[in-house]
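A structural walkthrough
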Amino acid sequence: MNNSSSLPNIYLSFFMFTTDLKPDNLEYRKTVVKHIKELIKFGYTGFEFPIALTNPQSYAQDLQNYQNLRRYLDGEGLADVKISTNVGATRTFDPSSPYPKQRQEALEYLKSRVDITAALGGEIMMGPIVIPYGAFPTTDFNDPIWSDQLQNHLAVRYQNAQPVLNELGKYAQGKNVKLAIEPITHWETPGQNKLSQLIDFLKGVESKQVGVVIDSAHEILDGDGPEKFSEQVAHLAQEKRLHYIQVSPPDRGALHTSWLPWQSFLKPVLEVYTGPIAVEIFNAIPPFINSLRLSRRKFWIPGEDQPHPFYPSAYDTADKAIQATKKEIKKAIKRG
């Protein structure tokens, strides 16, 4: 059991504010710095940056832009701030594709995201990097594929993706970046939805640089229950594949008022894991409103939105989230 009196580093996902850091935009760099400086006052020591999809012809320029962003952060006194990245496979860059050329292009794309992660000083690149997020398969007649048919379909695609992820893992090892694949709930994406599916997938990926991020929201919705969860966490730790943890409520909103079984989730994790824990809240910003069907109000963003007299800001919500997370971590460590 991790009985250290020190708490894990706690990160905040920038999904609270944006899905695109716009690293080439000088004005938005100032906004990023403003957010970070306010949020570190609450105790956050790192941030999870979403890395936006870009044109294949711009990989080198992307890398330069993110290097410039990191230099800008350092120049603003934020050299000690830690960064992880959130990256996804796409319909175009699909490691599970039946077409070898497309799988190769997906590998090159994901390598470019590893390069960006390293340029930001990050050591963890996480996300749905096996099956493109939200891309539910259909038949040739555009009929949806579900249940047994879906799982049979995905089994072939997982086999396609395993060599790609293994090669990506070897590349990432040279950059000192761990790859944390995220199982995501079935209503958001076709697979992998469960830790058990990801554990099976990783049996075909030799590189231990390729591992798992566990998100509490997805585990609550699609997991196998607390007893099995403890076994899975212990197995992943033993395999040296437990690379990252996110705490997020099922509705992806305010963490401190959510129905999250904190202790059932945190206790098995903290027994074997000492890495960062990221708070992930999906604010009601335009990219998420339709895709996540958000009915709740936006946590208004200081400097961007008109202050709301009766609804909390993004900063208020982030502050309460880290307070709740620290409280529950301390409780889990004490009980352990």
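Please refer to the structure higher up on the page.
Presented here is an overview of the structure given in this document. Values in this document were obtained by computation on a predicted structure and should not be read as measured data.

**A short note on the packing of helix α8 (residues 262–270) against helix α10 (residues 314–335)**
Look at α8 against α10: their axes get within 9 Å of each other, and the N-to-C directions meet at 60°. Relative to α10, the element α8 is oriented oblique. Classified by chirality, the crossing of α10 by α8 is right-handed. Here W262, Q263, L266, K267 and L270 of α8 come into contact with α10, specifically with A324, T325, E328, I329, K331, A332, I333 and R335. Residues belonging to the contact of α8 with α10 are distributed by class as follows: seven nonpolar, two polar and four charged.

**Observations concerning the nonpolar core**
If you look at the biggest cluster of nonpolar residues, it comprises 99 residues, and the most contacted ones within it are F17, Y44, F47, F49, L165, F201 and I214. At nine residues, the largest contribution of residues to this core is made by α10. With near-sequence residues (within four places) excluded, F47 lies in contact with Y11, L12, F14, I36, L39, I40, V81, K82, I83 and S84.

**Thoughts on the sheet that holds strand β2 (residues 46–50)**
Ordered by their spatial adjacency, eight strands build a closed barrel running β1-β2-β3-β4-β5-β6-β7-β8, and the pairing between neighbours is parallel. The sheet shows a mean angle of 30° between the axes of neighbouring strands, taken without regard to direction. Across the sheet, helix α4 (residues 147–174) touches β5 (178–181) and β6 (210–215), and the angle it forms with β5 is around 145°. Its contacts with the sheet place helix α5 (residues 195–202) against β5 and β6, and it is angled at close to 175° to β6.

**With respect to the side chain of E188**
Structurally, E188 can be placed in the loop between β5 and α5. Using a relative accessible area of 7% as the deciding quantity, one classes E188 as buried. Within the structure, the side chain of E188 is placed 3.2 Å from the side chain of R252, a separation counted as a polar contact. Apart from residues no more than four positions distant in its own chain, E188 is found in contact with Y133, G134, F136, H218, R252 and L292.

**Describing the side chain of S84**
With respect to the helices, strands and loops of the structure, S84 is situated in strand β3 (residues 82–86). Looking at S84, its side chain comes within polar contact range of the side chain of Y244, at 2.8 Å.

**Some remarks on the pairing of β3**
Most of β3 is tucked away, with four of its five residues classed as buried. Handedness of the crossover joining β2 and β3 through helix α2 (residues 59–75) is recorded here as right-handed. Across two bridges, β3 lies against strand β4 (residues 124–127) in parallel orientation. Across the sheet, N86 pairs through a bridge with M126, a residue of β4. Taken together, β3, helix α3 (residues 100–119) and β4 form a β-α-β motif whose crossover is right-handed.

Cut-offs used in this document
Residues numbered from 1 in each chain as written. Predicted model: local features only at pLDDT ≥ 70, side-chain atom pairs only at ≥ 80, totals over all residues. Heavy atoms only, no water. Axes fitted to C-alpha atoms, helices over the stretch in contact; angles between N-to-C directions. Helix = DSSP H or I, 4+ residues; strand = E, 2+ residues; numbered from the N terminus. Parallel < 35°, antiparallel > 145°, perpendicular 65-115°, else oblique. Left-handed = near helix turned anticlockwise from the far one by under 90°. Contact = heavy atoms within 4.5 Å. Nonpolar A, V, L, I, M, F, W, Y, C, P; charged D, E, K, R; others polar. Core = buried A, V, L, I, M, F, W, Y, C linked by side-chain atoms within 4.5 Å. Buried < 20%, exposed > 50% of the residue type's maximum accessible area, 1.4 Å probe, protein only. Pairing = 2+ DSSP bridges. Polar contact = N/O pair within 3.5 Å; in protein donor to acceptor, adjacent residues only side chain to side chain. Right-handed = clockwise from strand over helix to strand, strands pointing away.

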